[in-house]
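Residue strings, one per chain:
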Amino acid sequence: MGRSPLPLGAFAALPRVGGGPPHSPVRFALAVAASAASLLAVTAAAGPVGARETGRTEAPVASSSPVTDVAESVVRVRVPLPASAGPHPEACDWLSYLRFRHKDGPAASADADRILVAQPGILEGAGAFDSVARNTVSAAAERGKHIEFWALDRRSNCLEDGTGIQAGLRAGNAHLAIDYYYRQKEVDGRKFAGYQTNDQVKWLQSVGLEQTVRDQYDLMVRELPDPAARKRKMMCGGHSLGGVLTAFFAEWDFDGDHSTTGDAGYEQCSGYFALDTRISTALPGFGGDFPEDWIPLLKFGAGAVQAGLESGAIPRALSAPAVVNTETMNLLGIAGLAARLDPGGVSDLATYVPSSFNTDSTYRILFSKDYPTFLTGSPTVKDFRFSNAAALGGLLDDNSQPLAFMQASLGFWDGGKIVDKEFPAPNDLVGIGLGGLSRLLGTEKKAIPDEPRGPLYTWRNFDRVGAPDDPVYKAEDGTPFTSAGKEVTDIAELARSLSEHPLDFTEHYFPTRMVTDIALAAAPGIADDAVHEDGVTANPTLNLEAEGGLGGDPQPGDVVAPGYQHIDVLTASAVQNGGRPEPVSANLAAFAAR
């Protein structure tokens with residue numbers, strides 16, 4: 001079958017297992033920084049005792065979103081793992097999703113006009129779909145259709161503990177979250193048990209491609225038992241890796257009888273939607289071949305990979321000593337919480353969080369101006385004063401974050417001297433064809449503050465870029481770093497999305513088995529039930545691509561959102577600069593309302 005399906009952003013997240021260092025400083029920096037790129041992703045606790053009888057819970061989620069005509073709830077459905085998975089927390093026998101529906105729409109999903117079921121990208125959780133879900137449901141209502149948007153949370157998110165962030169949100173104090181995770185401060189009688197080790201998540205070696213697509217199928221069947229209703233009402237899709245998973249879902253035969261098709265994935269959906277990805281099991285941009293050097297054991301086949309997972313030689317969840325691990329991903333939620341509670345306040349994230357190799361290395365990789373700064377470690381991020389909003393912008397904005405697959409267009413730095421950010425790659429490489437590597441760099445010049453122990457650097461939100469008071473910061477070549485047409489996401493809304501939901505923005509324990517299964521999908525025993533290869537083309541598809549994103553070369557019929565980066569297709573504001581409607585949700589709503 002020759003499948004090789006991960007979207008480009010996924011490769012940066014894959015830690016090298018064995019092998020020597022890259023051959024050049026640039027390649028080394030890009031490889032290290034690439035691990036940072038997938039920082040992108042509250043305890044998925046099992047239902048209460050009473051819920052075990054029904055196997056389902058649903059609870060409303062309070063939101064301060066400016067899109068006020070959409071209701072949100074968190075739904076949990078008990079679908080136990082097979083016994084072969086081995087010992088695991090009881091919470092992990094529940095599947096969860098965020099349900100978005102119009103406040104004037106029907107209470108029962110079966111009565112909705114359409115239901116969009118969305119798979120997250122690599123290291124993303126259900127909360128990442130917050131803005132696009134609300135905007136789409138609201139836009140469909142303006143067309144007279146009441147649709148729902150189900151943002152799936154993959155099973156591994158059951159391991160996350162969002163107690164600290166949720167407590168900090170309730171108390172209006174981000175320090176409370178840091179105290180919970182770093183100082184063993186109790187919240188409601190609970191102490192943080194620490195991040196799960198490789199030995200503690202052994203059961204994740206059983207959560208691969210088959211379990212993931214079957215989880216989606218089981219959830220859809222449980223929530224909408226009538227097969228005719230599923231086929232008529234449900235649309236399937238996702239962001240980034242979610243497009244690949246949707247393609248496998250479409251091809252999968254779920255009853256084991258390949259001669260029947262009523263249970264096939266494509267028969268559960270009336271259409272597909274791709275958010276800066278493709279509904280395809282083939283990887284665009286790499287000639288269809290998975291770069292095996294990311295996980296060297298891949299070249300020895302499925303047996304070697306399975307042995308590596310069982311022994312623990314291959315990490316069961318994607319992780320690295322710094323940058324890509326559960327702690328640094330949780331820090332992103334804390335940064336969002338601080339920016340939500342006090343956007344203009346002085347950030348102390350780099351100082352109040354206890355110093356460690358992990359945190360210090362992460363800041364050094366993400367905030368180094370150039371190679372001398374990276375190699376010497378001076379100045380450090382602690383030598384600068386940032387507002388909470390600026391600290392978050394520095395982590396995720398397309399003019400700051402060096403890697404494309406975790407970039408959003410949030411606005412720009414303000415308040416002091418800004419210079420070109422030449423690490424991990426100089427700005428003059430932006431736009432130069434470097435094969436697949438060029439997609440790692442993004443399309444926009446990078447910038448960074450350059451006055452340590454100086455002024456308070458603040459953040460100019462997306463809708464204030466180009467305003468009369470905008471100083472229009474320029475790169476070394478004399479061109480502006482950005483313009484109003486390139487900024488699309490409200491940083492306040494991103495901060496809310498990162499810190500508000502009981503199913504959060506990120507996925508802390510992404511199973512390595514998922515990517516190895518996808519890479520080895522043609523091997524016996526991996527995707528034997530992905531037999532309906534025409535399933536991908538059996539239903540209409542809407543491709544919604546970011547102009548600067550990773551979805552591949554635009555094709556006729558694609559919707560290309562100008563100025564957007566990979567994350568913007570999820571987070572863009574409902575009203576764009578100049579009063580333009582948000583194109584991704586507007587076109588998705590029209591597709592769903594047909």
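Residues numbered from 1 in each chain as written. Predicted model: local features only at pLDDT ≥ 70, side-chain atom pairs only at ≥ 80, totals over all residues. Heavy atoms only, no water.

Draft legend 1. Geometry of the environment of Arg-580. On the secondary structure map, Arg-580 appears in the loop between α19 (568-571) and α20 (583-592). Setting aside residues up to four positions removed in sequence, Arg-580 forms contacts with Gly-485, Pro-562, Ala-574 and Val-575. Reaching out from Arg-580, the side chain makes a polar contact with the backbone oxygen of Asn-577 at a distance of 3.0 Å. (Helix = DSSP H or I, 4+ residues; strand = E, 2+ residues; numbered from the N terminus. Contact = heavy atoms within 4.5 Å. Polar contact = N/O pair within 3.5 Å; in protein donor to acceptor, adjacent residues only side chain to side chain.)

Draft legend 2. Region of the structure containing the pairing of strand β12 (residues 456-461). In terms of strand pairing, strand β8 (residues 385-386) meets β12 through two bridges, oriented parallel. When the bridges of β12 are listed, Arg-385 appears paired with Leu-456. Pairing geometry for strand β9 (residues 411-414) and β12, over four bridges, is antiparallel. Within β12, the position partnered with Gly-411 by the bridge is Asn-461. (Pairing = 2+ DSSP bridges.)

Draft legend 3. Region of the structure containing the sheet that holds β9. If you walk across this open sheet you meet the three strands as β8-β12-β9, and the pairing is mixed. Strands at the two margins of the open sheet, each flanked by one partner only, are β8 and β9. On top of the sheet, helix α15 (residues 388-396) reaches β8, β9 and β12; it is set at about 70 degrees to β12, its chief contact. (Axes fitted to C-alpha atoms, helices over the stretch in contact; angles between N-to-C directions.)

Draft legend 4. Expanded view of the pattern of salt bridges. Taken as a whole and judged by the stated rule, the model has 31 salt bridges. Of the charged contacts in the structure, one is a salt bridge between Arg-183 and Asp-179, with a shortest N-O distance of 3.3 Å. The buried category is assigned to Asp-179, whose relative accessible area is 11%. One salt bridge connects Glu-500 with Arg-340, and the closest N-O pair in it is separated by 3.3 Å. One end of the pair, Glu-500, is in the loop between α17 (491-499) and α18 (512-519); the other, Arg-340, is in helix α11 (residues 326-341), with 160 residues separating them in the sequence. Judged by its relative accessible area of 4%, Glu-500 falls in the buried class. Residue Arg-340 is classed as partly exposed on the basis of its relative accessible area, which comes to 24%. Members of the salt-bridge network, linked through shared partners, are Glu-72, Asp-130, Arg-134, Arg-340, Glu-493, Arg-496 and Glu-500. (Salt bridge = Lys/Arg side-chain N within 4 Å of Asp/Glu carboxyl O. Buried < 20%, exposed > 50% of the residue type's maximum accessible area, 1.4 Å probe, protein only.)

Draft legend 5. How the structure looks around the packing of helix α5 (residues 163-171) against helix α6 (residues 174-182). Where α5 contacts α6, the two axes come as close as 7 Å, and the packing angle between them is 155 degrees. Judged on the interaxial angle alone, α6 and α5 are roughly antiparallel. Taken as a pair, α5 and α6 cross one another with a handedness that is right-handed. Contacts from Thr-163, Gly-164, Ile-165, Ala-167, Gly-168 and Ala-171 of α5 reach α6 at Leu-176, Ala-177, Tyr-180 and Tyr-181. Looking at the contact of α5 with α6, its residues break down into seven nonpolar, three polar and no charged. (Parallel < 35°, antiparallel > 145°, perpendicular 65-115°, else oblique. Left-handed = near helix turned anticlockwise from the far one by under 90°. Nonpolar A, V, L, I, M, F, W, Y, C, P; charged D, E, K, R; others polar.)

Draft legend 6. How the structure looks around the sheet that holds strand β3 (residues 94-102). Reading across from one edge, β1-β2-β3-β5-β4-β6-β7-β13-β14 is the order of the nine strands in this open sheet, with mixed pairing throughout. If you trace the sheet from one side to the other, it starts and ends with β1 (56-60) and β14 (559-561), each paired once. Neighbour-to-neighbour, the strand axes of this sheet turn through a mean angle of 20 degrees, independent of strand direction. Alignment of β1 against strand β2 (residues 70-78), held across five bridges, turns out to be antiparallel. Within β2, the residue paired with Ala-59 across the bridge is Val-74. In the packing of helix α7 (residues 209-223) onto the sheet, the strands contacted are β1, β2, β3, β4 (114-119), β5 (147-153) and β6 (234-239), and the crossing angle to β2 comes to about 110 degrees. Seen against the sheet, α20 touches β4, β5, β6, β7 (272-275), β13 (541-546) and β14 and runs at an angle of roughly 180 degrees to β13.

Draft legend 7. Representation of unusual backbone geometry within the structure. For the bond from Ser-378 to Pro-379, the omega torsion is 0 degrees, close enough to zero to count as cis. Secondary-structure assignment places Pro-379 in the loop between α14 (371-376) and β8. A cis amide bond, omega 10 degrees, links Phe-423 with the succeeding residue Pro-424. Counting through the fold element by element, Pro-424 comes out in the loop between β10 (418-420) and α16 (438-441). Within the chain, Leu-123 stands out as a residue other than glycine whose phi angle is a positive 65 degrees.

Draft legend 8. Highlighting α20. Most of α20 sits out of view: seven of its 10 residues are buried. Residues Pro-583, Val-584, Ser-585, Leu-588, Ala-589, Phe-591 and Ala-592 constitute the buried set of α20. The distance from a side-chain oxygen at the start of α20 to the backbone nitrogen of Val-584 is 3.0 Å, and the residue carrying that oxygen is Glu-582.

Draft legend 9. Molecular detail of the pairing of β6. Extensive coverage of β6 is indicated by the burial of six of its six residues. Strand direction decides the pairing type here: β4 and β6, joined by five bridges, are parallel. Counterpart to Leu-116 in the pairing with β6 is Met-235. Pairing geometry for β6 and β7, over four bridges, is parallel.

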